[in-house]
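Below, each chain spelled out in residue letters.
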Amino acid sequence: MTEPEDAQQTGLPHPPPRPHRRWLRWAALGASLAVLAAGGAAWALYNRLDGNIRTDTEAVDQLRRFERERPAAVVHEAKNILLIGSDDRSGDNGRYGRDSGTQRSDTTILLHLSADRSSATGVSIPRDLMVDIPECSRPDGTAAGPLFAQFNWAYQMGGAACTIRTVENLTGIRVDHHLIVDFTGFEKLVDAVGGVEVCLAEPVNDPEAHLVLDAGPQRLDGEQALGYVRARKGIGDGSDTQRMERQQEFLATMLRQVRDDGLLTDPAELYRVLDAVTSSLTADPGLDSLSELYDLISGVRGMPEERVRFMTAPRRPYTYDPNRDELVQPDADLLFEALREDRPVPEEGRPPSGSPSAGPLTGPSAGAGVPASDTGAEAPEPSGSLTGSPSAGESADDTAGSPCG
């Protein structure tokens, strides 16, 4: 006879729960409450990060108006994302210069992700490149007619939508998504990862960029890093080409550092990085949530580092103004064709597959009639220190005795 049955038959009250059973019940209740609290906290953090990202509905509306003029996607599984660094000086960005009521694209990179996510190619579009800017809508709703001008005017005239359409007209490549990062966003991101290590072959002194750095290895904080990637005077030859190469190398170094330092496996550090990233982003509706960004990142997480390449669109000084740029042809068209059709971008000096008569695709000085040091030569592969290997047009001996080796 069981104990409850025995108690019922004898009319005696039920015995009190045993101590260890009472403890188990309280432990189970406590664990349940902890799980619920953790889930609630996690949901709150997720919502906060998700809410940080601003949605660029204005650009989407404008692009919809000009849909018939936009190129069609050739390889649908491939993705082309336009990364725009804005020089907006309103709000927190005011300390970087006077707000004149306008803003231009300080940095623009067309990032191509292959359909099988086995490779990625980032192509910098020079801000001083002379291009045909199509008819665009100004922020106040008025129309701006077509204009032949330097590329970064497109953003000033019509924001992201105008920049996207200018890139599409220039390359024939359909832009699937866009992301905009401003000055303070970049600065916060660098600080969130604990700074980024660089090695400078020479001292840097650029008052306009608020940047003074000694030669040699050092870790740049957010404000120093922003000055470093934007500086043109007091560093290198002062060309926009070197500035773009510096930006490409810095981004590659930062991404490699984040991966090697294991920041993305530490929950607290991961949150700091995500908070900095999301609070600095303005995105189209296809990339304006954590889940959408996660899907994008998870698809390229296993991509080999050697399959990630950064380069500059083949350019040379503009015929009628050496302070502006123009594309080198047919090199530029061959590059854009390879990306548009999701074909591998060949190494320098090798024609793309299917184009046996083509000249060097990533060697923009070929046939351009200008020294390689003055062209948009491909940036060094993202490995080693930022200035540890000679750039285009330099000999290996130029780095002899450098504090970076």
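Values in this document were obtained by computation on a predicted structure and should not be read as measured data.

Caption draft 1: Structural detail: the packing of aromatic side chains. As enumerated under the stated definition, the model contains four aromatic pairs in all. With a centroid separation of 6.3 Å and an interplanar angle of 55 degrees, the aromatic rings of Phe 148 and Tyr 318 are classed as tilted. Of this pair, Phe 148 sits in strand 8 (residues 147–150) while Tyr 318 sits in strand 16 (residues 315–318), placing them 170 residues apart in sequence. Plain terms: the ring middles of Tyr 318 and Tyr 320 are 5.5 Å apart, the flat faces sit at 75 degrees to each other, and that makes the pair edge-to-face. Tyr 318 gets classed as buried once you look at its relative accessible area, which sits at 17%. Over the ring of Phe 66 we find Arg 165, and its NZ or CZ is 3.7 Å from the ring centre. When the ring centre of Tyr 228 is taken as reference, the NZ or CZ atom of Arg 246 above it lies at 5.5 Å.

Caption draft 2: Structural detail: the pattern of salt bridges. Inspection of every chain in the model, using the stated rule, returns 11 salt bridges. In this structure, the salt-bridge partner of Glu 69 is Arg 165, at a minimum N-O distance of 3.0 Å. Of this pair, Glu 69 sits in the loop between helix 3 (57–65) and strand 2 (79–86) while Arg 165 is found in helix 4 (residues 153–171), placing the two residues 96 residues apart along the sequence. Residue classification places Arg 165 among the buried positions, given a relative accessible area of 5%.

Caption draft 3: Highlighting the state of the cysteines. Using the criterion set out here, one finds one disulfide in the structure. Linked covalently through their sulfurs, Cys 136 and Cys 162 form a disulfide whose S-S length is 2.0 Å. Since a negative S-S torsion denotes a left-handed disulfide, the Cys 136-Cys 162 link at about 80 degrees is right-handed. On the criterion of sequence distance, the pair formed by Cys 136 in strand 6 (residues 136–137) and Cys 162 in helix 4 is long-range, its members being 26 residues apart.

Caption draft 4: Spatial organisation of the confidence of the model for the chain. With 71% of its residues at a pLDDT of 70 or more, the chain has an overall mean of 77. Here residues 89–102 is modelled with pLDDT under 50, and outside its nearest four sequence neighbours on either side it reaches 21 contacts, counting other chains as well. Per-residue pLDDT stays below 50 along residues 349–399; that stretch engages in 103 contacts with residues further than four places along the chain or on separate chains.

Caption draft 5: Inspection of empty space enclosed by the protein at higher detail. Counted by the stated rule, this structure contains two cavities of 30 Å³ or more. Taken as a whole, the second largest cavity encloses approximately 40 Å³ of empty space. Lining the second largest cavity, in full, are Asp 106, Thr 107, Thr 108, Ser 124, Ile 125, Pro 126, Arg 127, Asp 240, Arg 243, Met 244 and Gln 247. Sorting elements by how many residues they give to the lining of the second largest cavity places helix 7 (residues 240–260) first, with four residues. Looking at the lining of the second largest cavity, its residues break down into three nonpolar, four polar and four charged.

Caption draft 6: Region of interest: unusual backbone geometry. For the bond running from Gln 329 to Pro 330, omega is 10 degrees, close enough to zero to count as cis. Mapped onto the fold, Pro 330 is located in the loop between strand 17 (321–327) and helix 10 (331–340). Of note in the backbone geometry, Arg 117 takes a positive phi value of approximately 55 degrees without being a glycine. Positionally, Arg 117 belongs in the loop between strand 3 (105–113) and strand 4 (120–124). Backbone geometry places Asp 342, a non-glycine residue, at a positive phi of 60 degrees. Asp 342 gets classed as partly exposed once you look at its relative accessible area, which sits at 21%.

What counts as what
- Residues numbered from 1 in each chain as written.
- Predicted model: local features only at pLDDT ≥ 70, side-chain atom pairs only at ≥ 80, totals over all residues.
- Heavy atoms only, no water.
- Phe/Tyr/Trp six-rings, centres within 6.5 Å; stacked < 30°, edge-to-face > 60°.
- Helix = DSSP H or I, 4+ residues; strand = E, 2+ residues; numbered from the N terminus.
- Buried < 20%, exposed > 50% of the residue type's maximum accessible area, 1.4 Å probe, protein only.
- Lys NZ or Arg CZ within 6 Å of the ring centre and 35° of its normal.
- Salt bridge = Lys/Arg side-chain N within 4 Å of Asp/Glu carboxyl O.
- Disulfide = S-S within 2.5 Å.
- pLDDT = per-residue confidence, 0-100.
- Contact = heavy atoms within 4.5 Å.
- 1 Å grid on protein atoms, 1.4 Å probe; cavity = no way out; pocket = protein on both sides within 12 Å on 5 of 7 lines; lining within 4 Å.
- Points joined across faces, edges and corners; volume = space filled by probe spheres on them.
- Nonpolar A, V, L, I, M, F, W, Y, C, P; charged D, E, K, R; others polar.

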